[in-house]
Amino acid sequence: MSATTALVPTGSQTVGPFFSIGLNHLIDRAPTRAAGSITIQGQVFDGDGAGVPDAMLEFWSPAEAAWRCHEQSGHPQPTIEARPQATSGSDQAKSGEPLAEPTDPATGYAAGFRRVATDGDGKFRVTLLRPKPAAWPDGRLQAPHLLVLVFARGLLRHLLTRVYCADEEAISSDPLLQKIPAERRGTLVAQAQGPSAYGWNIILQGQNETVFFAW
Amino acid sequence: MIDQPVVPAAIPGTQPEYHYPPYRSSVARSPRQPLMLLPQTPTESTGPVFGHGLIGPHDNDLTAQCDGEPLGERIIVHGRVLDEDGRPVRGALVEVWQANAAGRYRHKVDQHQAPLDPNFSGAGRFLADDAGHFAFKTIKPGAYPWGNHHNAWRPAHIHFSLFGAGILSRLVTQMYFPGDPLLPLDPIFNCIPDEAARNRLVSQFDLERTEPNYALAYKWDIVLRGSCDTPFEGAR
Ligand SMILES: [Fe+2]
């Protein structure tokens with residue numbers, strides 16, 4: 001269809017303070033695999049430096065990605081072969097193996113997705129598979145990363161950001177990070193706190209404000 | 001400059017700005033630095049796929065989740081989930097939550113002096129069918145006061161959360177009811193500058209789908225960003 005007949009996407013509205021009523025069922029519900037998992041913990045802050053006690057974060061991992069509409073569109077189901085090899089983590093899949101099922105048939109849970117909520121102090125903690133390198137459109141590799149969606153009362157539209165792991169060598173040459181002013185780049189990098197534990201804060205506004213992306 | 005296709009920005013006026021002072025909570029929670037451009041890579045063009053295992057037997061009937069029936073005006077809400085090309089988003093996960101008929105949420109933070117309804121959880125979820133259709137039964141939520149400004153009341157609304165063709169199709173929004181006198185006064189509804197886009201958040205009364213002697217009906221179609229065929233390719 002041509003752009004002139006395209007429909008206008010529905011407007012966003014805030015998730016509000018009571019989202020747990022409807023969204024709790026997916027919070028912390030993901031299957032946790034010990035091997036190859038990492039934990040990211042941190043705090044969400046507002047412009048006054050206060051923790052945000054009613055934020056919800058959603059993490060999307062391209063390492064477990066499955067094309068949403070591949071059946072309809074005829075896009076091939078992605079396999080490990082089509083993807084760069086992992087440089088770290090202990091759950092490297094063998095070349096040619098299909099990726100994990102995009103959906104767990106029993107629970108309906110989507111692979112690669114995590115939803116967490118902040119506590120009364122704005123703190124969160126998420127455990128997920130260590131991300132793997134992903135393709136950049138020109139064929140170069142991107143450093144392993146996760147896409148992060150931030151929802152909260154006060155956010156009329158969710159925020160979009162990414163998080164990288166500080167101990168991945170590839171972050172020094174990552175094509176996206178290189179385009180971000182050096183003084184702000186660190187806001188997207190989770191610092192290692194242990195072999196598979198990272199610390200990362202999200203600052204909605206003010207000094208060291210996290211880099212957010214337009215969408 | 002980014003040398004790759006980037007995630008297209010929204011059509012001006014059709015989405016809220018983050019900083020919207022009439023909605024007080026947005027002031028300290030909205031970024032002040034300019035948003036950066038995000039390239040379209042496999043991370044952006046893929047998304048989670050949820051299945052029927054997530055959906056329980058009464059998740060699409062909020063009037064049948066407890067021992068008794070909730071108080072209030074029974075309604076059927078239905079519509080379609082479409083992509084920007086007007087094609088159905090098959091299997092889209094839709095999550096809903098709302099206040100009860102008295103305008104009270106089953107949530108510890110809700111201090112409104114209105115009664116809870118022991119027969120109403122206020123939560124539902126379902127998957128759109130192959131034609132993008134969804135339908136659920138509930139009771140019409142009540143308006144409720146909030147602390148944004150003196151004598152502030154939220155118009156009756158149902159919160160919606162949707163997953164579409166890719167993670168960038170993600171949408172959280174609210175559905176309103178036609179003719180609500182609180183709509184022109186509500187800063188959250190009015191945060192969308194474009195009048196036509198704003199009014200598309202208001203459902204339509206649907207006489208055809210009412211069930212005589214049982215329930216009224218409202219119709220609301222939802223358009224998610226991107227396309228099922230080519231997620232986020234070809235900026236407008
Ligand atoms: Fe609400």
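Being a predicted model, the structure only gives us computed values, none of them experimental.

Taken together, the contacts link 92 residues of chain B with 82 residues of chain A. With both sides pooled, the region where chain B packs onto chain A buries about 7600 Å², and carbon together with sulfur makes up 62% of that total. Of all residues in chain B, the largest losses of buried area upon contact with chain A belong to Y18(B), R29(B) and M36(B), amounting jointly to 12% of the total for that side. Applying the counting criterion to the chain B and chain A interface returns four salt bridges. Across the pair E95(B) and R115(A) runs a salt bridge, and its minimum N-O distance is 2.9 Å. Of all the elements in the fold, those that place two or more residues in the side of chain B that touches chain A are α1 (42–45), β2 (93–98), β3 (123–127), β7 (157–162), β8 (171–176) and β11 (222–223) of chain B. The element that contributes the greatest number of residues to the side of chain B that touches chain A is β8(B), accounting for five residues. Looking at side-chain class alone, the side of chain B that touches chain A contains 49 nonpolar, 25 polar and 18 charged residues.

The next thing to look at is the coordination of the iron ion. Residues and elements named next belong to chain B. The coordination sphere of the iron ion contains the protein donors Y105 (OH), Y144 (OH), H157 (NE2) and H159 (NE2), at a distance range of 1.9 to 2.2 Å. Here the iron ion binds four donor atoms, and the angle range of 91 to 163 degrees at the metal identifies the geometry as irregular. The sequence pattern describing where the donors of the iron ion fall on their chain is Y-x38-Y-x12-H-x1-H. With Y105 in the loop between β2 and β3 and H159 in strand β7, this residue pair connects regions lying 54 residues apart in the sequence. Exposure class is identical for Y105 and H159. Each is buried.

Attention now goes to the confidence of the model for chain A. Averaged over chain A, the pLDDT score is 82; the fraction of residues at 70 or greater is 77%. For residues 65–99 of chain A, every residue scores under 50 in pLDDT, and the model assigns this stretch 72 contacts once sequence neighbours within four places are set aside.

This brings us to the packing of aromatic side chains. Counted under the stated rule, the structure contains 16 aromatic pairs over all chains. Relative to F124(A), the ring of F59(A) has its centre 6.4 Å away and its plane inclined at 40 degrees; by these criteria the two rings are tilted. With F59(A) in strand β2 (residues 55–60) and F124(A) in strand β4 (residues 123–129), this pair connects stretches of sequence that are 65 residues apart. Each of the two residues, F59(A) as well as F124(A), counts as buried. A ring pair is formed by F126(B) and F136(B), whose centres lie 5.1 Å apart and whose planes are at 25 degrees; its orientation type is stacked. Of this pair, F126(B) sits in strand β3 while F136(B) sits in strand β4 (residues 133–139), and the two are 10 residues apart along the sequence. Just above the ring of W215(A) sits the side chain of R157(A); from NZ or CZ to the centre is 3.7 Å.

The rules behind these values
- Residues numbered from 1 in each chain as written.
- Chains lettered and ligands numbered in written order.
- Predicted model: local features only at pLDDT ≥ 70, side-chain atom pairs only at ≥ 80, totals over all residues.
- Heavy atoms only, no water.
- Contact = heavy atoms within 4.5 Å.
- Buried area = accessible area lost by both parts, 1.4 Å probe.
- Salt bridge = Lys/Arg side-chain N within 4 Å of Asp/Glu carboxyl O.
- Helix = DSSP H or I, 4+ residues; strand = E, 2+ residues; numbered from the N terminus.
- Nonpolar A, V, L, I, M, F, W, Y, C, P; charged D, E, K, R; others polar.
- Donors = N, O, S within 2.8 Å, 3.2 Å for Na, K, Ca; no water.
- Tetrahedral: all angles 85-135°; square planar, octahedral: opposite > 155°, others 65-115°.
- Buried < 20%, exposed > 50% of the residue type's maximum accessible area, 1.4 Å probe, protein only.
- pLDDT = per-residue confidence, 0-100.
- Phe/Tyr/Trp six-rings, centres within 6.5 Å; stacked < 30°, edge-to-face > 60°.
- Lys NZ or Arg CZ within 6 Å of the ring centre and 35° of its normal.

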